[in-house]
Amino acid sequence: MTKVLIVAEHDGSALNPSTAKCVSCAAAIDGAEIDIVVLAAATADIAAQAAEIDSVSRVLTIERAENEKSITAVLAPQIAAIAGDYSHILGPSTTFGKDLMPHVAALLGVNQVSDIMTVENSHTFKRPVYAGNAIVTVEAPEGSTVVATVRVASWQAANGGNSAAIAAVDAPAELPTHTRYIGLESAASDRPDLQTAARVVAGGRALGSEEQFGLIYQLADALGAGVGASRAAVDAGFCPNELQVGQTGKIIAPDLYIAIGISGAIQHVTGIKDAGTIVAINKDEEAPIFEVADIGMVGDLFQILPELIAAVK
Amino acid sequence: MDKIIVGLKRVVDYNVRVQVKSDGSGVETDGVKMSINPFDEIALEEALRIKESGAATEVVAVSIGTSESQQQLRTGLAMGADRAILVTVDGDIDPLSIARVFKALADKENAGLVMLGKQAIDGDNSQVAQMLSAIWGRPQATFASGVTIEGDSARVVREVDAGLETVEVDLPAVLSVDLRLNEPRYVKLPDIMKAKKKPLDEVPLADLGIEPGPPIKELKYAAPEGRQRGVTVDDVAGLVAALKDKGLV
Ligand SMILES: Cc1cc2nc3c(=O)[nH]c(=O)nc-3n(C[C@H](O)[C@H](O)[C@H](O)COP(=O)(O)OP(=O)(O)OC[C@H]3O[C@@H](n4cnc5c(N)ncnc54)[C@H](O)[C@@H]3O)c2cc1C
Ligand SMILES: Nc1ncnc2c1ncn2[C@@H]1O[C@H](COP(=O)(O)O)[C@@H](O)[C@H]1O
């Protein structure tokens, strides 16, 4: 029997879209029966959102005060406690899932399949290695639980409209107190979320300063787009770290990605390979970003951007 | 805190454009430049700074691999690690077994911190630190971009999707480090000379009582589907027209 448990990602009230993407991956496994588990201090709202996702059989809730913040050392033993019923346990390859799932795997004594791109069969998957420069087909051992993360940029979110059963479950586990959550510093904005935005405008080192990076926000706002950045732009302090796109940042797949003053290093390009259309604006016609761009424009961004912003407004 | 253990993995240098072998058995490594995994260099730099601040007394660099990994350990010693341990294996072993090696050494050395990279840039697994936390029963703080030791605990700033999260962990603990934590120091020639005299012990995996578990088997490597170079536009009007054409504005 193929029974898949998906660990829901949420912020305490809203379900993260990465969860519905994990459901799509699970549904690609033949004959899979799919459950979602929600661990939170208050699970009702989140579980209700999870129950709407297509193909889901049941939503399990584990409600404990200790689950208010996602601390892996606290969550993992509870997931391990209910793992016995499942052949597969999946989480998203977001920082939440990357932190949690290998810990769950080790508690179960297995290795993890990281970043599933495609499902070949119940134990065989494709995943990227070497910053996406190679794709490897891997096979998890038969007879032990498959623990894996799902490369969210490779999967569309499953549809809504379902009304799966919701049930509270007991997950007896002793929880450690050696790890304490202190706080989160987040540059809140009304712009579309980088990981799910249909359009993304991204700036690189060439923007030169935090002030001039404002041009990127202006173009993004004119297009209703999310904002991304290269590592160099984040390192230089032009914008916050959560905007970084690439091997060590976010892997995204918007319909439209506009790279401005970004050279196109492999580590950056690996984060946008699945974008629908890539547009590059760069003053160096030899810049590697043009090798992957569907539409390229050679020129000085400081001349082009004001004109482009005016044109799309 | 007495000791900090740092993991240094030998990997294909990040500047190399890796090529998949034509028979699909792996990637080309013959004659390819090998280096310390960039994240691990940052972990070592941070460990050295913690020691220099007086919060630790010894930094031990550890690699699991073939004898070729001595090269990376020597570089680590030249950067300032006090001694090195090479746990010898024939080829690659699975992340869970690597975590078991770090657990065995952390116990043996009575380590206060184990500092690893957030991911090895060859397999891009991002697993070992989290697995070590699980089997060691000690806290993990992954993707660290800020570390402050405060007596028996550490305050760690983590780069997460939503921004910068701060957690406090009791020591001993395992950290995995991100690129913005620090800028590693350059190795100077006299340090390379000095490093030759520092101890580098070799320990076969079996001596630690570890049997590698069943790995995730790699069946076949392939090159990724490439993207094609598209059109070039001359001006903003042309750009807007091309976007309109695709229904994107
Ligand atoms: C292990 C590792 C992981 C990494 N992970 C990531 C990652 O996740 N994401 C990431 O982005 N990078 C990552 N990097 C860094 C990556 O290798 C590059 O250094 C980085 O992407 C470069 O950023 P950039 O393109 O903004 O800067 P540069 O490479 O400096 O490029 C700037 C570009 O702007 C152009 N330009 C300059 N002035 C103008 C102008 N006026 N108008 C138009 N164009 C102009 C230049 O021609 C140039 O092409 C990683 C590196 C390592 C080693
Ligand atoms: N063979 C190895 N030798 C030393 N350290 C390793 C080895 N493999 C993994 N590590 C450490 O674990 C981190 C994460 O690796 P991974 O989970 O494989 O992505 C690396 O950055 C290293 O610090």
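On a predicted model such as this, the values are computed, not experimentally measured, just so you know.

Asker: Help me understand the overall build of chain B, please; the structure alone is not making it clear to me.
Answerer: The helix and strand tally for chain B stands at six helices and 13 strands. Projected onto its principal axes, the C-alpha positions of chain B cover 65 × 45 × 40 Å. Counting over 249 residues, chain B shows a buried share of 53%. For chain B, long-range pairs separated by at least 24 residues make up 71% of all intrachain contacts whose partners lie at least 6 apart in sequence. For chain B, the accessible surface area stands at approximately 11200 Å², while carbon and sulfur atoms represent 47% of it. Averaging the locations of the 30 positively and 39 negatively charged side chains of chain B gives two centres separated by 3 Å.

Asker: So what exactly am I meant to see when it comes to the pairing of strand 15 (residues 277-282) of chain A here?
Answerer: Regular strands place their side chains on alternate faces of the sheet. Residues and elements named next belong to chain A. Burial analysis of strand 15 places six of its six residues in the buried class, the great majority of the element. Here strand 15 shows a buried face lined by Thr277, Val279 and Ile281 and a second buried face lined by Ile278, Ala280 and Asn282. Of the strand pairs in this sheet, strand 14 (residues 256-260) and strand 15 are connected by five bridges, and their pairing is parallel. Considered in strand 15, the bridge of isoleucine 258 is made with valine 279. Here strand 15 runs beside strand 16 (residues 295-298); their pairing, made up of four bridges, is parallel. Its bridge partner lying in strand 16, asparagine 282 is registered against valine 298.

Asker: What's the story with the sheet that holds strand 13 (residues 226-229) of chain A in this structure? I'm lost.
Answerer: In a beta sheet, neighbouring strands are held together by backbone hydrogen bonds and run either parallel or antiparallel to one another. What the six strands build is an open sheet, ordered 13(A)-12(A)-14(A)-15(A)-16(A)-13(B); its pairing is parallel. Two strands close off the open sheet at either side, each with one partner strand: strand 13 of chain A together with strand 13 (231-233) of chain B. Averaged over all pairs of adjacent strands, the angle between strand axes in this sheet comes to 20°, irrespective of strand direction. When strand 12 (residues 199-203) of chain A meets strand 13 of chain A, the two strands line up parallel, connected through four bridges. Bridge pairing in strand 13 of chain A links Gly203(A) to Ala229(A). Contacts between helix 5 (residues 210-223) of chain A and the sheet are confined to strand 12, strand 13 and strand 14 of chain A, with strand 12 of chain A contributing the most and set at about 170° to the helix.

Asker: Mind showing me how you'd approach the interface of chain B and chain A here?
Answerer: A common way to state how big an interface is: give the accessible area lost once the parts meet. Counting residues at the interface gives 76 residues for chain B, matched by 81 residues for chain A. Buried surface at the junction of chain B and chain A, both sides included, amounts to about 6800 Å², of which 55% is carbon and sulfur. The largest share of the area that chain B buries against chain A comes from Asp161(B), Ile216(B) and Arg227(B), three residues that together contribute 13% of it. At the junction of chain B with chain A, the criterion picks out six salt bridges. The shortest N-O distance in the salt bridge between Asp235(A) and Arg180(B) comes to 2.6 Å. For the side of chain B that touches chain A, the secondary structure elements donating two or more residues are helix 3 (95-109), helix 4 (128-136), strand 7 (140-150), strand 8 (153-160), strand 9 (163-170), strand 12 (217-222), strand 13 and helix 6 (236-245) of chain B. Among the elements that make up the side of chain B that touches chain A, the one with the highest residue count is strand 9 of chain B (eight residues). For the side of chain B that touches chain A, a count of residues per class yields 37 nonpolar, 16 polar and 23 charged.

Scoring rules and cut-offs
- Residues numbered from 1 in each chain as written.
- Chains lettered and ligands numbered in written order.
- Predicted model: local features only at pLDDT ≥ 70, side-chain atom pairs only at ≥ 80, totals over all residues.
- Heavy atoms only, no water.
- Helix = DSSP H or I, 4+ residues; strand = E, 2+ residues; numbered from the N terminus.
- Buried < 20%, exposed > 50% of the residue type's maximum accessible area, 1.4 Å probe, protein only.
- Contact = heavy atoms within 4.5 Å.
- Areas by Shrake-Rupley, 256 points an atom, 1.4 Å probe, with all protein chains shown as cover.
- Lys, Arg positive; Asp, Glu negative; His and termini not counted.
- Charge placed at Lys NZ, Arg CZ, Asp CG, Glu CD.
- Pairing = 2+ DSSP bridges.
- Axes fitted to C-alpha atoms, helices over the stretch in contact; angles between N-to-C directions.
- Buried area = accessible area lost by both parts, 1.4 Å probe.
- Salt bridge = Lys/Arg side-chain N within 4 Å of Asp/Glu carboxyl O.
- Nonpolar A, V, L, I, M, F, W, Y, C, P; charged D, E, K, R; others polar.

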